[in-house]
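# Reading the structure
Given next are the chains, with one letter for each unit.
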Amino acid sequence: MINATLSNVELARIKALESYHIMDTLPEQEFDNITKIAQEICHTSISLLSFIDAERQWFKSTRGIEVQEVPREKSACNETLQPPYRIMIIDDVRTDARFKDSLVKFPDGIVFYAGVPLVNEQGLALGTLCIMDTVARSLTQAQEKTLYALSTQVVNLLELRKKKDELEIKQNALRSSNHELERAKERLEIALKDKSEFLSMMSHEIRTPLHAILGNINLLLEENPRTDQEIPLNVLKFTGETLLSIINDILDYSKLEAQKVEVERISFHLSDLISNIVEINWHRAKERGNVIKVALDPAIPTYLIGDPTRLVQVINNLVSNAVKFTKKGEISIRCIAQNIEQQKVNVQFEVADTGIGIAPESLDMIFDEFAQASALTTRQFGGTGLGLAIIKKILALFGSEIKVESTLNVGSKFYFTMPFKIAEKIVEETHLLELSFENYRVLAVDDNEINLRIIDRNLTKKGMLVHTFSSPLDALKSVEEGNQYDIAIVDLQMPDLNGFELAKRIWTILPKLPIIASSADNNAETVALSLKNNMNDYLLKPHTAQDLYKVLAKHLIAATPK
């Protein structure tokens, strides 16, 4: 291989790489998921995630080949690191003199190579996400875009780790400054504000590519794929949802820690709620040879008043853990009525399994943040170690606490009690989805072309007339030219005009047009800001087609298509 000339920003690049403390770290599930997605989507034998310092290329995650590191001067990916940064695709490396002496070996020989540089916010390339194969081939445009989206995801994960470490350092410094309590309090408030702003940004930056990935996978699954395509698509969907779950854990924990979670008090159907949780976990339970059983006390009233979102989060987390740590066993969910009186009831929830159990010496630590029963558990089963810590904090909001009984290699039982008011029968909203969408005109504005394609396909197949714009200025021009719309979906984070500014300009022309704010930022402040700016609703990314239909139906129910 011909050695590439080092760029004049090499010292800055290596310094930036060192700031992430990623070199020579242990394998992590989040990065392994990304190489798995790259391999599955591009259908290649090998996928690699690597970082390159002054002397070597070190592999953080590998699939299809066992390699730890190679000298940089012999690295194929060293060429990908040369500016201008863009994807490098070699259909047949045998025709390229640069690849003659590559040290990355494979029994059948490397023939195809494609690599994307991992470029951080400062424009410095830290390493590469690459795929290789033993036969000559090419990539589709969609596959290239997916590799770019995945490379962005890698950098976002690095930034998240780095910011988390910085925040922990700040928090430790504050705790050690007890003698300067007032000053420490001011610094803590500043740190929490910075953390909230950072989480808002990272929520958008991480969820946006995930929305594109999951949205396209769902569209492919809806188009009756062949059996041999359906299995890998479901694997990709599960992997993407796992990544989203990990990100949600981190964001949720941070919001709970900052005491920015609002408690709802609404009516809900407990039996339906439990059924939905079983459905969510059924597929993975079946894959592991598990059965899920439910026992619902008939004395529990059908409708309760409480916070169904947080209740689902707690129970689903416990069931998901039970499924993960149990193989060819049983997971049971029990709901038991206690103290029914004066339109109030306490319900005890139990989630038990016949899984690996927890050692007595580990029981006191499993509810601590970023902690699991053992390092072996972390490596074998993955996860952030935040799930039970989140449950503990959520239940504290309701004056409850999580308890556990467990025997190693026999199983575990987690249980808690929550108070509810008894509600009358609630009006179901399923009728909203029965609304005919034929001929409604929709204006969709998003600077991300992939998001627009997903919205367009989901709405077009419902008979809607969709006009999409990647530029807010072009969308405004369309309204100014007299085009009429029944509803608009507007992304909040866009160049030239943000979603709030665009909505105000549109309302000067179409004052009664319902406008739905769309964003990957799930912070309560952003939702509140949308309502304060008179947006008619808020659509969080990633979302399902059913989520989209339900939001539109709520605001089109009184409209008449032209």
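Residues numbered from 1 in each chain as written. Predicted model: local features only at pLDDT ≥ 70, side-chain atom pairs only at ≥ 80, totals over all residues. Heavy atoms only, no water.

### Describing the overall build of the protein chain
Quick reminder of the rule: Going along the chain from the N terminus, every DSSP run of H or I of four or more residues is numbered as a helix, and every run of E of two or more is numbered as a strand. The cut-offs for exposure are 20% and 50% of the maximum accessible area for each residue type, with area from a 1.4 Å probe on protein chains only; residues under the lower value are buried, those over the upper are exposed, and the others partly exposed. Between two residues, a contact is recorded if the distance between any of their heavy atoms is within 4.5 Å. Accessibility throughout is a Shrake-Rupley quantity obtained with a 1.4 Å probe, and a residue counts as covered only by protein chains that appear here.
If you tally the helices and strands in the protein chain, you get 15 helices and 18 strands. Among the 562 residues that make up the protein chain, the fraction classed as buried is 51%. Long-range pairs, those at least 24 residues apart, make up 70% of the contacts in the protein chain with a sequence separation of at least 6. Roughly 27,500 Å² of accessible area belongs to the protein chain as shown, and the carbon and sulfur atoms make up 51% of that amount.

### Brief notes about the packing of aromatic side chains
By convention here, two paired aromatic rings are described through the distance between centres and the angle between planes. For clarity, the cut-off: Ring geometry is summarised as follows: Phe, Tyr and Trp rings, the Trp one being its six-membered ring, pair when their centres sit within 6.5 Å, and such pairs are stacked at plane angles under 30 degrees, edge-to-face over 60 and tilted between the two.
The tally for this structure, following the rule as stated, stands at four aromatic pairs. A centroid spacing of 5.9 Å and a plane angle of 70 degrees characterise the contact between F268 and F420, whose relative ring orientation is edge-to-face. With F268 in strand 7 (residues 266-269) and F420 in strand 13 (residues 411-422), this pair connects stretches of sequence that are 152 residues apart. Ring plane angle 80 degrees and centroid distance 6.2 Å describe the contact between F349 and F420, whose orientation is recorded as edge-to-face. Here F349 is found in strand 11 (residues 344-353), whereas its partner F420 is found in strand 13, with 71 residues between them in sequence. Overall, F349 belongs to the buried group, its relative accessible area being 3%. By relative accessible area, which is 5% here, F420 ends up buried. Three or more aromatic residues joined by ring pairs make a cluster, and in this case those are F268, F349, F416 and F420.

### Let's talk about the nonpolar core
For clarity, the cut-off: Residues grouped as a nonpolar core are buried Ala, Val, Leu, Ile, Met, Phe, Trp, Tyr and Cys residues, joined through side-chain atoms within 4.5 Å.
Ranked by internal contacts, the top residues of the largest apolar core, which has 40 residues, are L311, I315, F349 and F416. Secondary structure elements with two or more residues in this core: helix 7 (270-287), helix 8 (308-324), strand 10 (330-341), strand 11, helix 10 (387-397) and strand 13. Sorting elements by how many residues they give to this core places helix 8 first, with seven residues. Each residue touching I315, except ones within four places of it in the same chain, is listed here: L273, I274, I277, F349, V351 and F416. If you look at the next biggest cluster of nonpolar residues, it comprises 37 residues, including Y20, I87, I206 and L233.

### Observations concerning the packing of helix 7 against helix 8
Quick note on the threshold: Helix axes use the C-alpha atoms of the stretch in contact, all axes being lines fitted to C-alpha atoms, and the angles between their N-to-C directions lie in the range 0 to 180 degrees. By definition in this entry, angles of less than 35 degrees are roughly parallel, angles greater than 145 are roughly antiparallel, angles of 65 to 115 are roughly perpendicular, and the rest are oblique. Crossings are classed by handedness, with left-handed meaning an anticlockwise turn of the near helix from the far one by less than a right angle and right-handed meaning a clockwise turn. The nonpolar class holds Ala, Val, Leu, Ile, Met, Phe, Trp, Tyr, Cys and Pro. Asp, Glu, Lys and Arg form the charged class, and all remaining residues, Gly among them, are polar.
One way to put it is that helix 7 packs onto helix 8 with a least axis distance of 10 Å and a crossing angle of 30 degrees. By the angle class used here, helix 7 and helix 8 are roughly parallel. Of the two elements, helix 7 crosses helix 8, and the hand of that crossing is right-handed. Residues L270, L273, I274, I277, I280, N281, R284 and A285 of helix 7 lie in contact with helix 8, whose contacting residues are P308, L311, V312, I315, N316, V319, S320, V323 and K324. A class-by-class count of the residues in the contact of helix 7 with helix 8 yields 12 nonpolar, three polar and two charged.

### So, the pattern of salt bridges
So the rule is basically this: Put simply, a salt bridge is a Lys or Arg side-chain nitrogen that is within 4 Å of an Asp or Glu carboxyl oxygen.
Per the stated rule, a full pass over the model turns up 17 salt bridges. A salt bridge links E330 to K293, with the shortest nitrogen-to-oxygen separation between them at 3.3 Å. On the criterion of sequence distance, the pair formed by E330 in strand 10 and K293 in strand 8 (residues 291-296) is long-range, its members being 37 residues apart. For E330, a relative accessible area of 32% puts it in the partly exposed group. With a shortest N-O distance of 3.0 Å, D537 and K554 are connected by a salt bridge. Placement of the pair is D537 in strand 18 (residues 537-540) and K554 in helix 15 (residues 545-556), with a sequence separation of 17 residues. In this structure K554 comes out as partly exposed when scored by relative accessible area, which is 40%.

### Comments concerning the sheet that holds strand 16 (residues 487-491)
Spelled out, the test is: Pairing between strands requires that DSSP locate at least two bridges from one strand to the other.
Ordered in space as 15-14-16-17-18, the five strands form an open sheet in which the pairing is parallel. If you trace the sheet from one side to the other, it starts and ends with strand 15 (465-469) and strand 18, each paired once. Taking the axes of each pair of neighbouring strands and ignoring which way they run, one obtains an average angle of 20 degrees across the sheet. Here five bridges tie strand 14 (residues 441-445) to strand 15, and the two strands are oriented parallel to one another. Looking at the pairing, A444 lines up with T468 of strand 15.

### What to know about the sheet that holds strand 4 (residues 88-90)
Taking strand neighbours across the sheet as the criterion, the six strands line up as 3-2-1-6-5-4 in an open arrangement whose pairing is antiparallel. Every other strand in the sheet has two partners, leaving strand 3 (69-71) and strand 4 as the edge strands with one partner each. The average undirected angle you get between the axes of adjacent strands in this sheet is 20 degrees. Helix 1 (residues 10-19) contacts strand 1 (46-52) and strand 6 (125-133) of the sheet and is inclined by roughly 85 degrees relative to strand 6. Strands strand 1, strand 2 (56-63) and strand 6 of the sheet are contacted by helix 2 (residues 29-42), whose axis makes an angle of about 70 degrees with strand 2.

### What to know about unusual backbone geometry
Along the chain, P83 connects to P84 via a cis peptide bond; the corresponding omega equals 0 degrees. Looking at the element boundaries, P84 is found in the loop between helix 3 (77-80) and strand 4.

### Details of the environment of D53
Here D53 is to be found in the loop between strand 1 and strand 2. Along the chain, D53 and L11 lie 42 residues apart, while their C-alpha atoms are 9.7 Å from each other. Excluding its chain neighbours within four sequence positions, the residues that come into contact with D53 are R13, I14, L17, M23 and R72.

### Quick notes on the confidence of the model for the protein chain
Let me state the cut-off plainly: Per-residue confidence from the predictor is reported as pLDDT, which spans 0 to 100.
Averaged over all residues, the pLDDT of the protein chain equals 82, while 81% of them reach at least 70. This model gives residues 1-5 a pLDDT under 50, and the stretch forms 19 contacts once residues within four places in sequence are excluded. pLDDT under 50 marks residues 370-385. Its contacts with residues more than four places away, or in other chains, come to 32 contacts.

### Considerations on helix 15
Think of an α-helix as turning once every 3.6 residues; residues three or four places apart then point the same way. Formally: Given the number of residues in a helix, its expected span is that number minus one, multiplied by 1.5 Å.
For helix 15, spanning 12 residues, the distance from its first C-alpha to its last is 16 Å, which sits close to the expected 16 Å at 1.5 Å a residue. Those residues of helix 15 not exposed but buried are A545, L548, Y549, V551, L552, A553 and L556.

### Concerning helix 1
To be explicit about the condition: Directions from the helix axis toward the C-beta atoms define the arc.
E10, R13, I14, A16 and L17 are the residues of helix 1 that are buried. All buried residues of helix 1 fall inside an arc of 160 degrees around its axis, so they share one side. Turned more than 90 degrees away from the buried face of helix 1, the exposed residues are L11, K15 and E18. At its buried positions, helix 1 is contacted by strand 1 and strand 6. Of the residues trailing helix 1, H21 is marked for its positive phi of about 50 degrees.

### Considering the side chain of D353
Using the following cut-off: When charges are counted, neither His nor the chain ends are considered; positive counts come from Lys and Arg and negative counts from Asp and Glu. Polar contacts here mean pairs of N or O atoms no more than 3.5 Å apart (in protein, one a potential hydrogen donor and the other a potential acceptor; neighbouring residues in sequence count only if both atoms are side-chain atoms).
Topologically, D353 is positioned in strand 11. One buried charged side chain, D353, makes no salt bridge at all; its nearest oppositely charged neighbour is R288, positioned 10 Å away. Within the structure, D353 has its side chain in polar contact with the backbone nitrogen of G355 (distance 2.8 Å). Once residues within four sequence positions are removed from consideration, D353 is found in contact with A322, T326, E330, I331, V410, G411 and S412.

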